[in-house]
Each structure stands twice: as structure tokens, then as C-alpha cells.
Amino acid sequence: MSRAFNFSAGPAALPEPVLRQVQAELLEWQGERASVMEVSHRGKAFIDCAAAAERDLRELMAIPDDYYVLFLQGGATTLSALLALNLAGPGQGADFVLTGHWGEKALENMKPSLKARVAASAKDGGYTGIPARESWQLDPNAAFLHYTPNETIHGVEFHDIPDAGGVPLVADVSSNFLSRPMDVSRFGVLYGGAQKNLGPSGLAIAIVRKDLLGKHGRELPPIFELLNQARNDSMFNTPPTFAWYVLGLVLQWVKAQGGATAMGERNGRKAALLYSAIDGSGGFYRNTVQPSARSWMNVPFFLPDETREKAFLKEAEAAGLLGLKGHRAVGGIRASIYNAMPEAGVQALVDFMADFARRHG
């Protein structure tokens, strides 16, 4: 077997030690004489597994005690719609700052349930940066302010936490969960899918300040009421047990690497190496994002023409560099360098880029 370096945007690469442990435990897990996929989520073995994952996530992110941690189904897209129902009452509004596709998607999913207002948008500039703070038109009476700290498709990332005043800040952190330390206490809600930095697809996580739930004044189906999940340890219905188990292993791996601080240091080095290769290519490779807003997690770039981009992708795959095709909305090349991508993988990409430019420049 020859594992390649996987730059896919999601589902994304998982740490190899985690995959090997999953492989070793697949048929018989924790002495249960059955797979983790086959045991009851109500049984002690899985309840202990789930509780350990929550403890590790709380420790790694320094999550305060006045926050629920929910492990849910449906991905960030479904969760955004549920959050609108749970955080805003009938007739209430919410503000949105748009810096890319996923901010737009959250707005689209929340709009039917509340009065959605775009407080700032970088769309006119092609989503290549973050709107100047002085241009944000925030409503102090909004139920919340929503933004996407890292835009996977456009490669735009906030490198600080915006001040929302007294309004709860809600953030879709699907693509930068645990990529560096983050002050959870600055947020009302952090949520996202696990399939980029934390585990396989099928699991979504919501970290919700406790005082925000149960106040919407709506009549919701019980399964849509997030407070029911909180009161039932995320087991109001059968959870995605396999994905939850794998996430727990990934969290253990992150702890072994040195936690969020070590992840941030390593991710910063990886991003700097790749952007340096792009900027130092004499224009052969181009990244169009404003340098102050460049993503550490998702690095899109372009070659001089589509013919060479196609050749780049074909040769890269043959060289063991996978998942580099840009999103169909923007084209080009995109390297996603999440936590599980080792520095050696980014170095291999940079070396390939230099060689390709010499041969095709």
C-alpha cells in the first residue's frame, strides 16, 4: 500500500495513526466482542467513549462550563437551520457578515426562520477579503451575528475574532475547528461539520452558551429542539456512533501532538511555506486573496491558463498529491492543509510546484 498526501477539502485526510487504530479495532472494540458500529449507544462502553470525547474537546478548546457541547447529525448546513429556529424567536432578526460561499449558505438556510440582514459583504470584490470593520452595519437588537471564520472555497480567513458588541456571535468553524487556540467565551455558538479537521463525515458539533437555548418561543418538533439534545447528552435520538468514536480518536491524537497551540504553530508554518512558494513563483502561480485574509486551511491558486492547470492536476495525482482540484465555483487549484496534513506533505507539494513551473513555465 502506498498512501498519498490527500489535500481534499472534505471529507478530508485523517491522521494515519487514527486510521490504523480504527482498522485494528474494527471487528472487536474495547473487549465488546463486536464493532463500535454494532454496540448500543445506550450501553456503558459507548457512553464512556462519548463522554471521553466531550471531555477531551472541552480540554483542548478550553470550553467554559456554561456551554453545552452537542454531537449531532446533519452537518453544518442542517445545523445552521436548526440554530436559526433555536436562537431567534418569531419576528426576530439576525445579522450576517459574508466572506464566501458558506456564509451565503448559512444565510440561505436561516432566512426562512428569521429576518436575515446582510450587515457586511465582500461579494462585490469576488470574496477575496474581509469587509472593512467600519463598513459593518450591525443591529444591536439582533438575535445574533453570524459569520464564517474560514471560507473553504474562497480561501478567506479571519485571523481575529470580531467584536459583536452585546449580540451573541455565531460562527461556522467547520474548516478551522482546533486549527489554533480560540477563545470560546467570545462566542454564543461555535458549530460545524467534523469532516475537515475532527473526523469523518456524518457528525456535526455545536458548542452553545447555555443561556441561549430554550428562549425562542416557538413550537418546534421535539427533535428540532436543541435543548432536548443538551438534556439528553446528545442522545435524544440515535447518534452517528462510528463518527463520534473516530472523532474521539482524533482528539486524542491532537492532545498527543501538543494540543491547539501546537496545531496552530504547525499550521502557521505549513501555510507560510505554501504561500511563499506561490508568491515566489514569479507570477506562474497566483493567489488572489488579500494577504491579511489568507486562509491557513484552504489555499486556492491559479496557473497561467486552464491547459496548464489540467496538466498540473494530472501530474500531481501521479506524484501522489491528491484532491487538488479547485471548487467548481472558482476553478483553479486548491490545497486544503488541515491538521492531519503533515508538514512533509506541504513540502512535497511545494517541491512539485517548483518542478512543474520549471517544466511548463
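For the structure itself, look to the data block above.
How each quantity is defined
Residues numbered from 1 in each chain as written. Predicted model: local features only at pLDDT ≥ 70, side-chain atom pairs only at ≥ 80, totals over all residues. Heavy atoms only, no water. Core = buried A, V, L, I, M, F, W, Y, C linked by side-chain atoms within 4.5 Å. Buried < 20%, exposed > 50% of the residue type's maximum accessible area, 1.4 Å probe, protein only. Helix = DSSP H or I, 4+ residues; strand = E, 2+ residues; numbered from the N terminus. Contact = heavy atoms within 4.5 Å. Arc of directions from axis to C-beta. Phe/Tyr/Trp six-rings, centres within 6.5 Å; stacked < 30°, edge-to-face > 60°. Lys NZ or Arg CZ within 6 Å of the ring centre and 35° of its normal.

K.L.:
For the nonpolar core, give the residues involved together with the corresponding values.
P.N.:
Generally speaking, soluble globular proteins have nonpolar side chains that are buried together. The biggest cluster of nonpolar side chains holds 53 residues, and the ones touching the most others in it are Leu57, Met61, Leu178, Ile205, Ile207 and Leu247. Elements that contribute at least two residues to this core include exactly helix H1 (16–25), helix H2 (44–61), strand S2 (67–72), strand S5 (145–147), strand S8 (169–172), strand S10 (204–209), helix H6 (241–257) and helix H7 (259–279). The element that contributes the greatest number of residues to this core is H6, accounting for 10 residues. Apart from the residues within four sequence positions on either side, leucine 247 is in contact with Ala53, Phe71, Ala194, Leu198, Leu203 and Ile205. With 32 residues, the next largest nonpolar core counts Tyr68, Leu72, Leu82 and Ala106 among its residues.

K.L.:
Outline H1, listing residues and values.
P.N.:
Each full turn of the α-helix corresponds to 3.6 residues, which orients residues three or four apart in the same direction. Among all positions in H1, only Val18, Val22 and Glu25 are buried. Across the axial projection of H1, the buried residues extend over an arc of 75°, all falling on one side. Facing away from the buried surface of H1 by more than 90 degrees, the exposed residues are Gln23 and Ala24.

K.L.:
Give a detailed account of the packing of aromatic side chains, specifying residues and quantitative values.
P.N.:
Per the counting criterion, the structure on display carries 15 aromatic pairs. Ring centres 5.7 Å apart and planes at 85° place the aromatic pair phenylalanine 46 and tryptophan 244 in the edge-to-face group. Here the residue phenylalanine 46 occupies a position in helix H2, and tryptophan 244 occupies one in helix H6, the gap between them amounting to 198 residues. Accessibility classification places phenylalanine 46 together with tryptophan 244 in one group, the buried group. Consider the rings of tryptophan 136 and phenylalanine 158, whose centres lie 6.4 Å apart with planes at 75°: the pair is edge-to-face. Of this pair, tryptophan 136 sits in the loop between strand S4 (115–121) and S5 while phenylalanine 158 sits in the loop between strand S7 (156–157) and S8, and the two are 22 residues apart along the sequence. The class for phenylalanine 158 is buried, based on a relative accessible area of 5%. An aromatic cluster of at least three residues, connected via ring pairs, comprises Phe284, Tyr285, Phe301, Phe312, Phe352 and Phe356. Over the face of the ring belonging to tryptophan 296 we find arginine 180, whose NZ or CZ atom lies 3.7 Å from the ring centre.

That is the geometry; function is a separate question.
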